[in-house]
Amino acid sequence: LRAVRFAARFEFVIERETFAAIRVLASEIGQVSRERMRDELTRMLTEGRAAAAFEMLEKNGLLEQVLPEVAAMRGVAQPPEWHPEGDVWVHTLLLLEKLPPGCSTTLAWGALLHDVGKPPTYMVADRIRFNGHAEVGTRMAAAICRRLRFSNEETEQILSLVTNHMRFGDVGKMKESTLKRFFRLPKFPEHLALRRMDSRASHGDLSLYDFARERFEATPQEEVRPELLVTGRDLIEAGYMPGPRFKELLAVAEDAQLEGRIHTREEGLALIRQVGESV
């Protein structure tokens, strides 16, 4: 693993007999601690030549041993109208090329694993489809993070990147409240960075990325996370009993506030009464 990292980082070529020995002994990599594997792989991803490193890992047999879920991407075709660059593996390598040196661990692993759910969800219907690949990929990424013993905080952000990377396809159609809730994701700039790299490594259309970035940068945080006009205490004082419907009513008021349809506590409670009467 260290030979691959150094060769990629310094643009060296691994000596032929050494490369052959790595291939022969790749299956013995399990003797190395999982934390050491994680750290070496993370350095490969964040030192600026991630694509070269992972190409070498694939060629010398180490990728199949340390990240078989990523190795499975090779040869998995994609719809050419969205991915003219080629299969899932090619797309992932192109995306890794765009990881900036010194990027965060979570962005790097989110980029590597964002499409890890595509191989098991591949199907051909009217066209090639990967139905539910973000959800499947999130479960697979969780297993990988456990295996490599990432911290809970790092795992949570990596999984969030995998889970939410497809949501950018809907940003232009989202209600104002939905868009603002999207912006609440922790470290949202990492989600933007992944979307930009994902687009540049495939169809090249940055319009949805640009829309989301411009709206995110233009929306003050106090509008994304405003002080709530209607709280649970307000509902209790108004005579509502806590229960399953309670949370739904609070969400109705918060959505209306985020969309600018209510501006006071009284307007929020009036809306809740109206909603309650219509059910």
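A brief report on the enclosed structure follows. What you see is a predicted model, and the numbers here were worked out from it, not measured in a lab.

### Considering the overall build of the protein chain
No. 1: The helix and strand tally for the protein chain stands at 18 helices and two strands.
No. 2: Along the first, second and third principal axes, the C-alpha set of the protein chain runs to 80 × 40 × 35 Å.
No. 3: By residue count, 46% of the 279 residues in the protein chain fall in the buried class.
No. 4: If you take every contact in the protein chain between residues at least 6 apart in sequence, the share linking residues at least 24 apart comes to 68%.
No. 5: Carbon together with sulfur atoms contributes 52% to the accessible area of the protein chain, which is approximately 14,400 Å² in total.
No. 6: Averaged over its 39 positive side-chain charges, the protein chain has a centre that lies 2 Å from the centre of its 42 negative ones.

### Regarding the packing of aromatic side chains
No. 1: For the structure on display, the rule yields 10 aromatic pairs.
No. 2: Aromatic side chains tyrosine 122 and phenylalanine 130 sit 6.0 Å apart centroid to centroid with 55° between the ring planes, which places their arrangement in the tilted category.
No. 3: Summarising the aromatic geometry, the rings of phenylalanine 168 and phenylalanine 182 are spaced 5.1 Å apart at their centres and angled 65° between planes, so their arrangement reads as edge-to-face. On the criterion of sequence distance, the pair formed by phenylalanine 168 in the loop between helix H11 (152-164) and helix H12 (176-183) and phenylalanine 182 in helix H12 is long-range, its members being 14 residues apart. For the residue pair phenylalanine 168 and phenylalanine 182, the accessibility class agrees, reading buried in each case.
No. 4: Ring-pair connections join several aromatic residues into one group, and the members of that group are Phe168, Phe182, Phe183, Phe188 and Phe216.
No. 5: The positively charged end of arginine 38 is found above the aromatic ring belonging to phenylalanine 150, 6.0 Å away from the centroid.

### Comments concerning a nonpolar patch on the surface
No. 1: A cluster of nonpolar side chains, Phe6, Phe10 and Phe12, forms an exposed patch at the surface whose accessible area comes to about 310 Å².
No. 2: In this structure, phenylalanine 6 sits in helix H1 (residues 2-10).

### Remarks on the side chain of serine 199
No. 1: Relative to the assigned elements, serine 199 resides in helix H13 (residues 188-200).
No. 2: Looking at serine 199, the relative accessible area reads 2%, which means it is buried.
No. 3: Sequence-distant contacts of serine 199, that is, excluding residues within four places in its chain, are made with Gly204, Asp205 and Leu206.

### Observations concerning the nonpolar core
No. 1: Counting residues in hydrophobic clusters, the biggest one holds 58 residues, and the most contacted among them are Phe54, Leu67, Leu99, Trp109 and Leu113.
No. 2: The biggest single contributor to this core is helix H4 (residues 50-59), with seven residues.
No. 3: If we ignore the near neighbours within four places in the chain, the residues touching leucine 67 are Leu41, Phe54, Trp109, Leu112, Ile144, Arg147 and Leu148.
No. 4: Counting residues in each nonpolar core, the second largest holds 13 residues, with Phe168, Met174, Phe188 and Val224 among its members.

### Brief notes about the pattern of salt bridges
No. 1: Taken as a whole and assessed by the stated rule, the structure comprises 27 salt bridges.
No. 2: Arginine 36 serves as the salt-bridge partner of glutamate 40, at 3.9 Å between the closest nitrogen and oxygen. Of this pair, glutamate 40 and arginine 36 both sit in helix H3 (residues 34-46), separated by four residues, roughly a single helical turn.
No. 3: Each of Arg2, Arg5, Arg9, Arg36, Glu40, Arg43 and Glu47 takes part in a single network of salt bridges with overlapping partners.

### As for the packing of H4 against helix H7 (residues 88-97)
No. 1: Between H4 and H7, whose axes approach to 7 Å, the crossing angle comes to 145°. Along the contact surface, H4 presents Ala50, Ala51, Phe54, Glu55 and Glu58, while H7 presents Trp89, Leu93, Leu96 and Glu97.
No. 2: Here the contact of H4 with H7 is composed, by residue class, of six nonpolar, no polar and three charged.

### Concerning the packing of helix H10 (residues 133-147) against H11
No. 1: Contact geometry for H10 and H11: axes closest at 8 Å, N-to-C directions at 160°. The angle between H10 and H11 falls in the class roughly antiparallel. Handedness of the H10/H11 crossing: right-handed. Contacts from Ala134, Gly137, Thr138, Ala141, Ala142 and Cys145 of H10 reach H11 at Thr155, Ile158, Leu159, Val162 and Thr163.
No. 2: Classifying every residue of the contact of H10 with H11 gives seven nonpolar, four polar and no charged.

Analysis parameters
- Residues numbered from 1 in each chain as written.
- Predicted model: local features only at pLDDT ≥ 70, side-chain atom pairs only at ≥ 80, totals over all residues.
- Heavy atoms only, no water.
- Helix = DSSP H or I, 4+ residues; strand = E, 2+ residues; numbered from the N terminus.
- Buried < 20%, exposed > 50% of the residue type's maximum accessible area, 1.4 Å probe, protein only.
- Contact = heavy atoms within 4.5 Å.
- Areas by Shrake-Rupley, 256 points an atom, 1.4 Å probe, with all protein chains shown as cover.
- Lys, Arg positive; Asp, Glu negative; His and termini not counted.
- Charge placed at Lys NZ, Arg CZ, Asp CG, Glu CD.
- Phe/Tyr/Trp six-rings, centres within 6.5 Å; stacked < 30°, edge-to-face > 60°.
- Lys NZ or Arg CZ within 6 Å of the ring centre and 35° of its normal.
- Patch = residues over 30% accessible without salt bridge, like charges linked within 9 Å, V, L, I, M, F, W, Y side chains within 5 Å.
- Salt bridge = Lys/Arg side-chain N within 4 Å of Asp/Glu carboxyl O.
- Core = buried A, V, L, I, M, F, W, Y, C linked by side-chain atoms within 4.5 Å.
- Axes fitted to C-alpha atoms, helices over the stretch in contact; angles between N-to-C directions.
- Nonpolar A, V, L, I, M, F, W, Y, C, P; charged D, E, K, R; others polar.
- Parallel < 35°, antiparallel > 145°, perpendicular 65-115°, else oblique.
- Left-handed = near helix turned anticlockwise from the far one by under 90°.

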